[in-house]
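Geometric and topological summary
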Amino acid sequence: MKYGMIAGLVLTAGLATQALAQNVTIGVIAPTTGPIATVGTRQLQSLQYWAETANKAGGVKGKQVEIAHCNDEGSPEKAVNCARDLISRGVALLINCSVTGPILATMPLVVNGPVMLTPSPNVIPAASTYVFQTSPSDRSQTQALADFLKSGGVKKIGMVAATDSSGEIGVRSAQEVYPAAGIELNLARIDLRATDASIQLAKVAQADVKVIYSSYSGAGAASVVKSYNNLGLELPLVISYANISDAFTNLVKDEMPKRLLGTALKSVAPALLTADERAAYEAFEKGFKAWRGQQVDMLTLTGAMLADTAHAIIANVADPKDPKAVKTFLETTPIKSIQTLKFSPEDHVGLGKDGVAIVEFKNGVWVEAAGIK
Amino acid sequence: MTMRIIASLALGCLMAASPYLGLPGLTVGLGTLTALLALSAVGLNLIFGVLGMLAFGQAAFMSLPGYMGGVLEKLGLPLPAGLLIGLVLTLALARAVAEIFVRLPGMYLAVGTLGFGFVVEGLARAFPAWTGGASGLVFSIGREIGPHAWYLLSLAALGLGLAAYAAIVRGARARRFAAIRHDELSAAVMGVDVVRWKARAFTMGSAFAAIGGTLLACYVGVLVPENAGVNRSLEQVGTIMLGGLGSLLGPVVGTLAVQWLFVVSGYAAAYELLIYGVAFLATVLYAPRGIVGLFKAPQTTHGPAQPAATPSPVAPASVPPAPAPEGSEVYLRVQAVSKFFGGVRAIDGVSFEVRAGEIFTMVGPNGAGKSTLFNLISGIETPTAGSILIMGRDFAQAPIHERAPLMGRSFQVARLVPELTVLENVMVRLDQIFPALSEAQIAARALAQLQAFDLQHLAYRQVRELSAGQHKLIDLARAAAGDPPLLLLDEPAVGLGEEELEHLARLLARLRAQGSAIVIVEHNINFVRRIADRGVVLDSGRPIASGDIADILADKAVQDAYFGALT
Amino acid sequence: MNPVTQAIYSGLMAGGVYALLAIGLIVAFRTSRVLNLAHGETFAVGGVTAGLVAGMGVSKFIASIAALVVAMLYAVAVDQILMKPRRHLPISSLILITLAAAFLTRGVLMVAAGVDPLSFPRLFVGPPIRFAGGAIPLQGVALVAIGFTAAICVSLFLVRTPLGRKLRATAENPDAAELLGIDTDRMRLIASAIAGLLGGLAAVLLVPLTSIDYQAGLGMTLRGIIAAALAGMSPALAVVGGLSLGLSEAFVTTYFGALAQDPVIFAILIGVAVWQTRKIRFGGSQRA
């Protein structure tokens, strides 16, 4: 552990500006401070875990993997500098774990490569670019939830969305998906600094609303769950993608709603996975827990899929620095991971709505959700 | 002086070349970011460092042109044209809000500009169809420019910005700004149109932000609402203080330090913010005048340095005061003036006249209304009723500074600008009265004025080094500079030694002989008896006696009201 | 549910917190003339302390008391260690020191608590109170009651008691206060202790209803400043400032949506600043 930290320090210190021939450097832009520090920190951990294990096992195809991390604090300026800096250092791949603004800012910088991977559901990269997105899009998640609700006969949903970018994109998806699915949408926005969501919940929880969805990531989402409890609401509460973590459920453990559901990667409920995928999941979970004694959650899982994608590229593409070759490889080869990622020449989003599961928190774990009556 | 310019240039070149020195984390990208943020910080330095206005809206002005350009692009305009129009509109907006903001004192300005930042950020978030909302507004401009070219472009912009700053903060303007920063009221009494100059400086400072912010938006390619928000504005205020408030290179040094510190502390992972905090605090504690202040004496002079050979001042006789025709012309006429504070009648129907070539005094116990009356005549307070005619023109409702050519005023505790020299202090007033004169002509006149007051030996000393008694005489010399027909002297004898008192008496006698009309408030009754010609006695805001000085001081009612209260 | 009632409840809860923050900020401002940009850190320090202590399995009451004590000691330490030896510096330098203290505090909290948000159990547990078509949790009732009572008490203390008047005199004119025999250093010590205690109290009451992380301080400082500015930095009006900020946020959100909140509230704030200063001609230096 200590060794790992020192190694991380040295590696990220940028002392080694020129990668050795036998090494392959992966540039990672991840906010480890600032408002979205949790997101960046978790995903970075998965990537560091991967690099350490791979290197201990002799590297990927004999190449040692270096993670060059750059903290962008969630700000576009810093992300642009991170990207320019990492590209000039000759990284083979860029992985961008930041939020929408910083990701949009870095996308034009990779028009000539290298390939950039991002796990943000809010970004849909054009298929002509070198950008690949490894999570189900926000729209796919909304569609999965709409299907789930429709099968339970739900006609009206209440939605609380934050004023940040994920809330904004969540609202856009909802306004497109729910009317098409014949579900009425009851919407209220909540300010990012709000410490109480009772106004919004009272507004959307009308008599005929059968379920409430909270599109709010980070610390503020806890306020929604607690306000839910304060109002004595008994409807099922669905929380969004980025909150499916132990850190979050710990925060609200004394304030659980009657039913807490979530839109999640399928792998959050491993029982839903294929045998191959489940094996990959279990291996990752076991190894990651042993590594630093931390629990696996949604964010570490998205990190693991980024790592697996990077691993597959290094293992299969003769020159990982050739963006054209990497692009062709990704567009033609399914990436085996905790959940199999499928990109195509027409679509650079690796998971569709099949990659999403509606899960429920029961007895301390996330399992597949039972239908809503 | 030349040494300082060479040192600054050398430091500037070193900083400009720093991304190529191979220091960890100091990349060309960081250099670009630093240069563009520093350009905006230079503008904030003008607003806050030079004028003393603590404003937290700089980031909003950085973002506005980009957002306006983006909106105009959505309306069908090409982006470069949209950005140019956005820049112009932002400056117009800055000028408009400056009218509101520069009137807010101290903390209220901070709060008002903070609010402005939140409004801009909130609007950017509230209309995603126009502004890209929380996800960000994408610009596709400048993509073909490489990182090194961007760095050079940013350096050039910063260089031009610094040159513009240096051109703005020099000579008469710099002295005027220093006077406003130190004491707005005293600046106004010297004839500075404080509101107008603060509004101009605010607009100019915002222009730096607008240009820096527009370039930054093009470099980054995305504008998010937080760019306009309080964190960045706070960071800008912090960086210029860290670098050195009010110094040319301070904002650049501060921005470079903060940006580089951020990157370097980032290597320490979880300890990043701790290291950043420790380094920031250490700089603040051990370099209270900023990093630049560590290498520079705390002197900011904006006027002529002491010449090797003493220059020949203009002979005092060459600027004669308006001659007083047989000493009978009325220079000041106070007519039925009243001032009520709420229900309190501080001044109640006071009238008197002061003529050329006489010394007129106001006497009365504390609280009789002398100070209020003084403030009414000099414009610091506005009368509730009545008129105040100076040389025949009614100034009762006019702003303070308009009186300056006709009236000089001194203060009970001299209100000089401590960081300027004695000569520069006098020059500030002359700058306002004779805007057409050259720097050299103003300096010569100021020197002549000091010579006339036997103060020429102090001309090149900084005011802060001198004694309180010297301050009083300098204040008097400054008030009389430009030979205003009317002089208002507030307790000129207080705090003077025996010798200085004699000096003062001689000066007043000469001013009277030259035809000035002089109004004084003075507690030293013996001094008043000796020099004054006529006076008015005030009690609870009402005149209870007026006339010849000997008569009114002998009056029974005056003795009771005045000396009774004193004992 | 009645949206007006719910807005009132929500606004009262937020207003209680703002009032506590505002009065603490004003007390410190009134004794030192320094706008303390590290004031919200008392909230963060208190909240993180309570979260960490409660996380060790200790009773929530002890965790709350620990939070109050640590927040108070923190505020006193900032004042005594950082500010006291440097009172001769210009006000702007002192403000910058408080900003640096806030940065350092954020760094310490990040090392101590990590980046994940924390929380701790409510002190007042029970079913929410339903009245007039709205619901408010017991903890929320306590927040409103204790928050406003504490804020009003401190405000009365400042306005009505001899010690309070001494505190205020310290800021009006420190030299004159010294001449009158007021121990200005002691006054500032008392002021910072009160400010720290109130910041900690706000955290103990609010955090169980939401969550807290290492960077919560700056946001709280800002809200305190806004409420204090609405109150015109007057100790007598701090409660009104906090309450009006909380309620106007709640009502703007209810009727115009959360996206309208910042533009509307801050436009009001600018208006209030202009109105409060309409009679001041020059930067507060009216003494001639």
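Residues numbered from 1 in each chain as written. Chains lettered and ligands numbered in written order. Predicted model: local features only at pLDDT ≥ 70, side-chain atom pairs only at ≥ 80, totals over all residues. Heavy atoms only, no water.

A word on the overall build of chain A
The secondary structure content of chain A amounts to twelve helices and 13 strands. What you see for chain A is a C-alpha radius of gyration of 20 Å, in line with the 21 Å of a compact globule of 373 residues. Projecting the C-alpha coordinates of chain A onto the three principal axes gives extents of approximately 65 × 45 × 45 Å. Relative to its full complement of 373 residues, chain A shows a buried share of 63%. (Helix = DSSP H or I, 4+ residues; strand = E, 2+ residues; numbered from the N terminus. Rg over C-alpha atoms; globule rule 2.2 N^0.38 Å. Buried < 20%, exposed > 50% of the residue type's maximum accessible area, 1.4 Å probe, protein only.)

Regarding the pattern of salt bridges
Taken as a whole and judged by the stated rule, the model has 40 salt bridges over all chains. Residue R175 of chain B pairs with E439 of chain B through a salt bridge whose shortest N-O separation is 3.0 Å. With a gap of 264 residues between them, R175 of chain B in helix α8 (residues 171-182) and E439 of chain B in helix α17 (residues 439-452) connect regions that are remote in the sequence. For E439 of chain B, a relative accessible area of 36% puts it in the partly exposed group. Across the salt bridge formed by D348 of chain B and R542 of chain B, the nearest N and O atoms sit 3.6 Å from each other. Taken together, the residues span a long stretch of sequence, with D348 of chain B in strand β4 (residues 344-355) and R542 of chain B in strand β12 (residues 542-548) at a distance of 194 residues. Residue classification places D348 of chain B among the buried residues on the basis of a relative accessible area of 16%. Taken together, the shared-partner salt bridges in this structure form one network comprising R42 and D297 of chain A together with D116 of chain C. (Salt bridge = Lys/Arg side-chain N within 4 Å of Asp/Glu carboxyl O.)

A look at the domain arrangement of chain A
Residues and elements named next belong to chain A. Assigned domains within chain A: domain 1 (2-135 + 275-352) and domain 2 (139-269 + 357-368). Computed over C-alpha atoms, the centres of domain 1 and domain 2 are 29 Å apart. Taken together, the 17 residues of domain 1 in the interface contact 16 residues of domain 2. A buried area of about 1,300 Å², summed over both sides, lies between domain 1 and domain 2, and 64% of it is on carbon and sulfur atoms. At the junction of domain 1 with domain 2, the criterion picks out zero salt bridges. Between domain 1 and domain 2 we count five residue pairs in polar contact (both at pLDDT 80 or more) in total. With five residues, helix α11 (residues 298-316) is the single largest residue contributor to the side of domain 1 that touches domain 2. (Domains from an automatic or database assignment. Contact = heavy atoms within 4.5 Å. Buried area = accessible area lost by both parts, 1.4 Å probe. Polar contact = N/O pair within 3.5 Å; in protein donor to acceptor, adjacent residues only side chain to side chain.)

Some points on the state of the cysteines
Residue and element names in this part refer to chain A. In this structure the tally under the stated criterion is one disulfide over all chains. One disulfide in the model links C70 with C82; its S-S distance is 2.0 Å. With the S-S dihedral at roughly -70°, the linkage between C70 and C82 falls on the left-handed side. Linking C70 in strand β2 (residues 64-70) with C82 in helix α3 (residues 76-88), this pair joins segments that are twelve residues apart in sequence. Just as C70 is buried, C82 falls in that class too. C82 provides the cysteine sulfur closest to C97, a residue in no disulfide bond, and the two sulfurs are 12 Å apart. A residue is classified by how much of its surface remains accessible, and C97, at 1% relative accessible area, is buried. (Disulfide = S-S within 2.5 Å.)

Section: the packing of aromatic side chains
By the definition in use, this model includes 20 aromatic pairs over all chains. For the ring pair W150 of chain B and Y219 of chain B, a centre distance of 5.4 Å and an interplane angle of 70° mean the geometry is edge-to-face. Within this pair, whereas W150 of chain B is found in helix α7 (residues 147-168), its partner Y219 of chain B is found in helix α10 (residues 194-220), the two being separated by 69 residues in sequence. The exposure classification of W150 of chain B matches that of Y219 of chain B, with both residues buried. Relative to Y255 of chain C, the ring of F251 of chain C lies with its centre 6.2 Å away and its plane at 10°, an arrangement referred to as stacked. In this pair, F251 of chain C and Y255 of chain C both sit in helix α10 (residues 238-256), four residues apart, roughly one turn of the helix. Taking the ring centre of W275 of chain C as reference, the NZ or CZ of R278 of chain C above it sits at 4.1 Å. (Phe/Tyr/Trp six-rings, centres within 6.5 Å; stacked < 30°, edge-to-face > 60°. Lys NZ or Arg CZ within 6 Å of the ring centre and 35° of its normal.)

A short note on the interface of chain C and chain B
Note: interface size is frequently given as the accessible area lost on complex formation between the parts. Contact residues are listed per partner, giving 48 residues for chain C and 54 residues for chain B. Buried surface at the junction of chain C and chain B, summed over both partners, amounts to about 4,300 Å²; 78% is from carbon and sulfur atoms. Taken together, the connections running from chain C to chain B amount to zero residue pairs in polar contact (both at pLDDT 80 or more). Those elements giving two or more residues to the side of chain C that touches chain B turn out to be α4 (91-113), α9 (216-230) and α11 (261-276) of chain C.

Looking at the packing of helix α3 (residues 58-74) of chain B against α10 of chain B
Residues and elements named next belong to chain B. Running from amino to carboxyl end, α3 crosses α10 at an angle of 55°, the nearest separation of the two axes being 7 Å. As the angle between them shows, α3 and α10 are arranged oblique. Judged by the sense of rotation from one axis to the other, the crossing of α3 with α10 is right-handed. Note on element contacts: α10 touches α3 through F202, G205, S206, A209, A210, G213, T214 and L216, opposite Q58, F61, M62 and P65. (Axes fitted to C-alpha atoms, helices over the stretch in contact; angles between N-to-C directions. Parallel < 35°, antiparallel > 145°, perpendicular 65-115°, else oblique. Left-handed = near helix turned anticlockwise from the far one by under 90°.)

Brief notes about the interface of chain A and chain B
Counting residues at the interface gives 25 residues for chain A and 28 residues for chain B. Summing both partners gives a buried area of about 2,200 Å² for chain A against chain B, and 59% of it is carried by carbon and sulfur. Considering only the side of chain A, the residues that lose the most area to chain B are E77, N81 and R84 of chain A, jointly responsible for 27% of the buried surface there. In this structure, the connection of chain A to chain B is made through one salt bridge. Close ionic contact of E77 of chain A with R232 of chain B constitutes a salt bridge, the shortest N to O distance being 3.1 Å. Elements that contribute at least two residues to the side of chain A that touches chain B include exactly α1 (2-12), α3, α4 (100-106) and α6 (165-180) of chain A.

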